[in-house]
Amino acid sequence: MPVITTIDDLKRLHERRVPRMFYDYAESGSWTEQTFRENTTDFEQIRLRQRVAVDMSGRSTKTQMIGQDVAMPVALAPVGLTGMQHADGEIKAARAAEAFGVPFTLSTMSINSIEDVAEATTKPFWFQLYTMRDDDYVARLIQRAKDAKCSALVITLDLQILGQRHKDLKNGLSAPPKLTVKTLANLATKWSWGIGMMGAKRRSFGNIVGHVHGVDDTANLGAWTAEQFDPTLDWRKIAKLKEQWGGKVILKGILDADDARMALKVGADAIIVSNHGGRQLDGAISSIRALPSILEAVGDQIEVHLDSGIRSGQDVLKAMAMGAKGTYIGRAFIYGLGAMGQAGVTSALEVIHKELDLSMALCGETSVAGLGKHNLLIPKGFEGDWQP
């Protein structure tokens, strides 16, 4: 077992052990990747305020997200194709999250199905919904999530159309992989991944194949998926989905104060400040820069979470100190999954937890509830003097 001290350690192992097309799928943004880069570099501009001669004993990172007890304010974000990073990837990530005491969010575009994950875990997880043109399919998908006892519905709002990610196009990304000469050559070097995938429960989209009329295998899956993302999604439809679900709803993809106010109007339980990890609108501001204006717009009227750019416990601390009530990791846990399966996800969570705990202590705080802007040194003009 290699010694893991940072998320970057897991990233390096992930790159070595997973086929290039799936590594690139995780480690890429749209177009020039400006937003993808700034999601992390903008965190680096914020400094932590060290305090001394403070009793650091009795620390706890425990808190709540949407009323659910969590071991730290971190949830596993929904990531498509997780089951292609490692055999039965969604199941392994969900089990790691459950054991650690943080939420796991299953993507609509997962390899393992809702039912697969529910069967393999003992506690409710969250389900992320992409809205599709096929209303009947969406209604049945919501019902399947209800039947699986999912405790929250995360509706992604920023994927009505698919942003262009150059690496995916050049790699011919698919699930299972397209067997070109280049792909075969790369797969030949990833023998441990291949052996694992041979015994995987599924190798295609478990929430779709067999659940949509006319989509019974991968041959006709691609055409159906390409036509299904719903460009007509609006606030009226979001309100209808919330009514269909009937439980707690989290809206993901909020990057503007006006949209945060609309989320409040439709009665969401929480919003996620997110730019889809820089994978949709390239040139959009980073999530951490967007957070202050959104908090100013909605205050304490709705729970505000942050996604995109979290790579460390220090990042979690910074987001929470700025006013977020929870954060999400996507790439950070995917690195761990691709590197070492379930143990790698656990390792990623342990790294972030240790960094958060020690950094809190050195900032003079013993609880997440005590974090605030007094713990930060934020550069003047950090939010930017943008002219709309």
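Residues numbered from 1 in each chain as written. Predicted model: local features only at pLDDT ≥ 70, side-chain atom pairs only at ≥ 80, totals over all residues. Heavy atoms only, no water.

Asks: Could you clarify how one ought to interpret the sheet that holds strand E5 (residues 105–106) in this entry?
Replies: Across a sheet, strands are paired by hydrogen bonds formed along the backbone, either parallel or antiparallel in direction. Read from one edge of the open sheet, 8 strands run E4-E11-E10-E9-E8-E7-E6-E5, paired in parallel fashion. Two strands close off the open sheet at either side, each with one partner strand: strand E4 (74–76) and E5. With 2 bridges connecting them, strand E10 (residues 303–306) and strand E11 (residues 326–329) associate as parallel partners. From the neighbouring strand, Leu-306 faces E11, where its bridge partner is Thr-327. Packed onto the sheet, helix H14 (residues 287–298) meets strand E8 (249–254), strand E9 (270–273) and E10 and runs at close to 175 degrees relative to E10. (Pairing = 2+ DSSP bridges. Helix = DSSP H or I, 4+ residues; strand = E, 2+ residues; numbered from the N terminus. Contact = heavy atoms within 4.5 Å. Axes fitted to C-alpha atoms, helices over the stretch in contact; angles between N-to-C directions.)

Asks: Help me out: how do you make sense of the nonpolar core in this one?
Replies: One recurring pattern in soluble globular proteins is that nonpolar side chains are buried together. Within the largest apolar cluster, 108 residues are counted, with the highest numbers of intra-cluster contacts made by Leu-76 and Leu-251. A total of 14 residues in this core trace back to one element, the largest contributor, which is helix H16 (residues 331–362). With residues up to four places along the chain from it excluded, the contact list for Leu-76 reads Ala-93, Ala-97, Val-102, Pro-103, Phe-104, Thr-105, Ile-329, Phe-333, Val-345 and Leu-349. Grouped together as the second largest cluster of nonpolar side chains are 12 residues, Ile-66, Val-70, Ala-152 and Val-154 included. (Core = buried A, V, L, I, M, F, W, Y, C linked by side-chain atoms within 4.5 Å. Buried < 20%, exposed > 50% of the residue type's maximum accessible area, 1.4 Å probe, protein only.)

Asks: How do you make sense of the pattern of salt bridges when you look at a structure like this?
Replies: Side-chain pairs of opposite charge can arise where the charged atoms are in close proximity. As enumerated under the stated definition, the model contains 13 salt bridges in all. One salt bridge in this structure joins Asp-307 and Lys-252, with 4.0 Å as the shortest N-O distance. Taken as a pair, Asp-307 in the loop between E10 and helix H15 (313–322) and Lys-252 in strand E8 lie far apart in primary sequence, 55 residues in all. On the accessibility criterion, Asp-307 (7% relative accessible area) is buried. Lys-252 sits in the buried class, given a relative accessible area of 5%. One network of salt bridges, with partners in common, ties together Glu-15, Arg-20 and Asp-24. (Salt bridge = Lys/Arg side-chain N within 4 Å of Asp/Glu carboxyl O.)

Asks: Before we go on, may I ask you to explain empty space enclosed by the protein in this structure?
Replies: To locate leftover empty space, one rolls a probe as large as a water molecule over the atoms. Counted under the stated rule, the structure contains 2 cavities of 30 Å³ or more. Roughly 40 Å³ of internal volume is contained in the largest cavity. Lining the largest cavity, in full, are Tyr-130, Thr-131, Thr-156, Leu-157, Asp-158, Leu-159, Gln-160, Asp-230 and Leu-233. Of the pockets and cavities examined, the second largest cavity occupies roughly 30 Å³. Considering the residues around the second largest cavity, the lining is formed by Ala-77, Pro-78, Val-79, Thr-82, Glu-90, Phe-104, Thr-105, Leu-106, Ser-107 and Phe-333. (1 Å grid on protein atoms, 1.4 Å probe; cavity = no way out; pocket = protein on both sides within 12 Å on 5 of 7 lines; lining within 4 Å. Points joined across faces, edges and corners; volume = space filled by probe spheres on them.)

Asks: How should helix H12 (residues 235–245) be read in this particular structure?
Replies: Along H12, the residues classified as buried are Ile-238, Leu-241 and Trp-245. Taken down its axis, H12 places every buried residue within 60 degrees of arc, on the same side. Those residues of H12 that are exposed and angled more than 90 degrees off the buried face are Arg-236, Lys-240 and Glu-243. Residues of H12 that are buried in the fold lie against strand E6 (126–129), helix H7 (135–147), strand E7 (152–156) and E8. Note on H12: the residue one or two positions beyond its end, Gly-246, has a positive phi of about 80 degrees. (Arc of directions from axis to C-beta.)

Asks: What am I meant to see in the packing of aromatic side chains here?
Replies: The description of two aromatic rings rests on the distance between their centres and on the angle between their planes. A full pass over the atoms with the stated rule returns 4 aromatic pairs. An angle of 90 degrees between the planes, with centres 5.5 Å apart, marks the rings of Tyr-130 and Phe-229 as edge-to-face. Of the two residues, Tyr-130 sits in the loop between E6 and H7 while Phe-229 sits in the loop between helix H11 (221–228) and H12, which places them 99 residues apart along the sequence. For the cation-ring pair, Arg-279 lies above Tyr-25, with the distance from its terminal atom to the ring centre recorded as 4.5 Å. Sitting over the ring of Phe-382, Arg-289 keeps its end group 4.9 Å from the ring centre. (Phe/Tyr/Trp six-rings, centres within 6.5 Å; stacked < 30°, edge-to-face > 60°. Lys NZ or Arg CZ within 6 Å of the ring centre and 35° of its normal.)

Asks: What am I meant to see in the side chain of Ser-110 here?
Replies: Along the chain, the position of Ser-110 falls in the loop between E5 and helix H6 (114–120). Residue classification places Ser-110 among the buried positions, given a relative accessible area of 0%. There is a polar contact of 3.1 Å between the side chain of Ser-110 and the backbone oxygen of Ser-107. Contacts of Ser-110, omitting those with residues within four sequence positions, involve Glu-90, Ser-204, Phe-205, Gly-206 and Asn-207. (Polar contact = N/O pair within 3.5 Å; in protein donor to acceptor, adjacent residues only side chain to side chain.)

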